[in-house]
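Take a look at the letters that make up each chain.
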Amino acid sequence: MSGAAGTGLAGGRREELRRGLEALGFDVVRFTSAAPGGGDSLRAWLDAGRHADMAWMERTVEKRGAPGLVLAGARSVIVLGVNYWPGKLAADSRNGGPRWARYALHEDYHDTLKPGLVAAGKLLERTVACTSDDYRYYTDTGPVMERGLAARAGLGFRGKNAMLISREHGNWLLLSVILTRCEIEPDAPLRGDSPLRHASHEPAGLLCGKCTRCLTACPTAAFPEPGIVDARRCISYQTIENKGVIPRELRAGIGARLFGCDVCLEVCPWNRFAQEGRRLLLATRHDLADLELAEILALTPERFAEVFRRTPVKRLKLAGLLRNACVVAANLGDAAHVPALVRLAGHASPLVRAHAVWAVRRLAGVQAAALLEPARAAETDPQVLAEYDAAQA
Ligand code: SF4
Ligand code: SF4
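All of these numbers come straight from a predicted model, not from anything done at the bench.

Caption draft 1: Inspection of the site of ligand 2 at higher detail. In the vicinity of ligand 2 lie 14 residues, with G159, C208, C211, C214 and C268 positioned nearest. Its residues assigned to classes, the shell around ligand 2 comprises eight nonpolar, four polar and two charged.

Caption draft 2: Region of the structure containing the pairing of strand β5 (residues 135-138). Residues Y135 and Y137 of β5 are buried on one face, while the alternating residues R136 and Y138, pointing to the opposite face, are not. In this structure, β5 lies alongside strand β8 (residues 173-180), joined through four bridges in antiparallel fashion. Counted as the bridge partner of Y138 is V177 from β8.

Caption draft 3: The arrangement of helix α15 (residues 317-332) in detail. Along its 16 residues, α15 runs 23 Å from first to last C-alpha, staying within 8% of the 22 Å computed at 1.5 Å per residue. Burial runs high along α15: twelve of the 16 residues are buried. Listed as buried for α15 are L318, G320, L321, L322, R323, N324, A325, C326, V327, V328, A329 and A330. G333 occupies a position one or two residues after α15 and carries a positive phi of about 70 degrees.

Caption draft 4: Quick look at the sheet that holds strand β2 (residues 28-33). Pairing within the open sheet is antiparallel, and its four strands lie in the order β2-β3-β8-β5. With one partner strand each, in any of the chains shown, β2 and β5 form the two edges of the open sheet. When the angles between neighbouring strand axes are averaged without regard to direction, this sheet yields 20 degrees. By the bridge criterion, six bridges tie β2 to strand β3 (residues 76-83) in an arrangement that is antiparallel. Opposite F31, over in β3, you have I78 as the bridge partner.

Caption draft 5: Inspection of the site of ligand 1 at higher detail. The immediate surroundings of ligand 1 are formed by C218, P219, T220, A222, V229, C234, I235, S236, C261, V263 and C264. When residues of the shell around ligand 1 are traced back to their parent elements, those giving at least two are α10 (235-241) and α12 (263-266). Of the residues belonging to the shell around ligand 1, the class tally is nine nonpolar, two polar and no charged.

Caption draft 6: Layout of the domain arrangement of the protein chain. Under the domain assignment, the protein chain is made up of domain 1 (1-289) and domain 2 (291-393). In this assembly, 22 residues from domain 1 lie in contact with 22 residues from domain 2. Among the secondary structure elements, those contributing two or more residues to the side of domain 1 that touches domain 2 are α10, α11 (248-254) and β10 (257-259). With four residues, α11 is the single largest residue contributor to the side of domain 1 that touches domain 2. When the residues that make up the side of domain 1 that touches domain 2 are grouped by side-chain class, the tally is eleven nonpolar, four polar and seven charged.

Caption draft 7: Broad picture of the nonpolar core. Residues V79, V177, A325, C326, L341, A359 and V360 are the most contacted members of the largest nonpolar core, which totals 111 residues. Summarising the domain contributions, this core has at least three residues from each of domain 1 (1-289) and domain 2 (291-393). The residues touching V79, leaving out its near neighbours within four places in the chain, are R30, T32, L149, A150, A153, L155, L175 and V177.

Caption draft 8: Main features of the confidence of the model for the protein chain. For the protein chain, the average pLDDT comes to 92, and 93% of its residues sit at 70 or higher. Counted against residues more than four places away or in other chains, residues 196-201, with its pLDDT under 50, gives 13 contacts.

Caption draft 9: A look at the environment of L46. With respect to the element layout, L46 can be found in helix α2 (residues 39-47). The class for L46 is partly exposed, based on 16 C-beta atoms found within 10 Å. Placed eleven residues apart in sequence, L46 and M57 show a C-alpha to C-alpha distance of 8.0 Å. The residues contacting L46, other than those within four sequence positions of it, are H51, M57, E58 and V61.

Caption draft 10: Representation of the environment of L318 within the structure. Relative to the elements of secondary structure, L318 occurs in helix α15. Residue class for L318 comes out buried when judged on the 20 C-beta atoms lying within 10 Å of it. With 18 residues separating them in the primary sequence, L318 and T300 have C-alpha atoms 8.0 Å apart. When neighbours within four sequence positions are excluded, L318 is seen to be in contact with L299, P301 and F304.

Caption draft 11: Representation of the pairing of β3 in the model. Across the eight residues that make up β3, a large majority, eight, are buried. What you see with β3 is no split at all: S76, I78, L80 and V82 on one side and V77, V79, G81 and N83 on the other are buried throughout. Bridge count for β3 against β8 is eight bridges, and the pairing is antiparallel. Looking across to β8, one finds that V82 is bridged to L174.

Caption draft 12: Highlighting unusual backbone geometry. Positive phi outside glycine occurs at A162, with the angle close to 70 degrees. Checked against the element boundaries, A162 lands in the loop between β6 (157-158) and β7 (164-165). For A162, a count of 20 C-beta atoms within 10 Å puts it in the buried group. With phi around 70 degrees, R310 is a residue other than glycine that occupies positive phi space.

Each value, and the rule that gives it
For every chain, the first residue of its written sequence is number 1, and the numbers climb from 1 along that sequence. Here chains are named by letter from A upward and ligands by number from 1 upward, in the order in which they appear as written. Two thresholds apply to this predicted model, a pLDDT of at least 70 for residue-level local features and 80 or more for giving and counting side-chain atom pairs, whereas whole-chain, interface and lining totals are computed over all residues. As used in this record, a residue near a molecule or strand is one whose C-beta atom, placed from the backbone, is within 6 Å of it. For this scheme, ten residues count as nonpolar: Ala, Val, Leu, Ile, Met, Phe, Trp, Tyr, Cys and Pro. Four count as charged, namely Asp, Glu, Lys and Arg, and the remainder, Gly too, count as polar. Each residue is classified by how many other C-beta atoms fall within 10 Å of its C-beta atom, where C-beta atoms are placed from the backbone; a count of 20 or more means buried, 12 or fewer means exposed, and values in between mean partly exposed. The numbering of helices and of strands both runs from the N terminus, where a helix is a DSSP run of H or I of at least 4 residues and a strand a run of E of at least 2. DSSP-based pairing: two strands are paired if at least 2 bridges between them are found. Working rule for helices: expected span equals 1.5 Å times residues minus one. As a rule, the C-alpha atoms of each element are fitted with a line to give its axis, helices using only the stretch in contact, and angles between N-to-C directions run from 0 to 180 degrees. Domain start and end points were adopted from an automatic or database domain assignment. Note on contacts: each residue gets a C-beta atom placed from the backbone, and two residues are in contact if those atoms are within 7 Å. Take the buried Ala, Val, Leu, Ile, Met, Phe, Trp, Tyr and Cys residues, join any whose C-beta atoms are within 7 Å, and the set you get is a nonpolar core. pLDDT: the predictor's confidence for each residue, scored from 0 to 100.

Here it is as structure tokens:
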């Protein structure tokens, strides 16, 4: 740690740093302390098993509640928000086609925000005369709780949808944090009375009032209580993080959502204040929204790599995307997809075969057994065989 890192930054010099960070492309810049917090609520969530199979969260629970365990000697946190709201542009998927979470209609923000964070670190070094050892930055990938830190920094509040909601930008901020040993005067959190302030959870719904739109709009009933998401029932988890079979009872609720879900974000009335983002640190890929489901069902490994290179979808891999596409095809109810789905029932991946079988049975009715007969005769995987034998809803 450099000696200069102990110098407190306040007043005009702090505002100069804020303006400098905004000029780099961050739409919101707030400061808070690196004091521990939020660990109890995370522990309660994990103890209830609501993290599904995201075991890495268990392994890092202590660090997540204490920035000082991530960066020894951390005193302050800089919270940075990038507004990705596309305004009135055609960011939504075409009517009747597959739908994408809006953030996915950009190149992977973990990659595109990085140059901004590198530049932010250099600016911090110049402003407070610290070294690169005195800070560490994360964008949704490190053992830090970005939303809790953002709420503490007054960037917004945690809504009943468990998202960070900004009064200026609604639900459409991508969050990054810089933990630093430099001392920076903290911003104040928003004021208000949370109806959900109780012992085991961080307050949620500070400025929600009586609204419950997100809770009732969730297609898969993933909110066991306001402010708490059960990842096991959440479409975002099931279509992105889950690498295995999607539970049959949740598939219909997924509807046309091919990758992620924005329902509990987009119904929020706080979005009415959102302005189109500058997106200086983002690279839009709105062309993905124009992909037809038939094209996706026919993707080869080469075409998948070509189309989804540099996007967050690449981490899902081809089998994961085809799995989701089978579910969407069945939910859209278009029998024109049956031939493609029958082909996928013979795919090399058992994950794809399982969901293709489910989709053919949903779409082809009494003809499904005959259409699937060759694939079934060759099938040996127990999970796929279970799809053939499952009772039809
Ligand atoms: S992302 Fe979708 S499925 Fe998940 S909690 Fe929100 S509305 Fe429900
Ligand atoms: S939809 Fe309503 S209840 Fe949900 S986060 Fe927004 S304001 Fe709060």
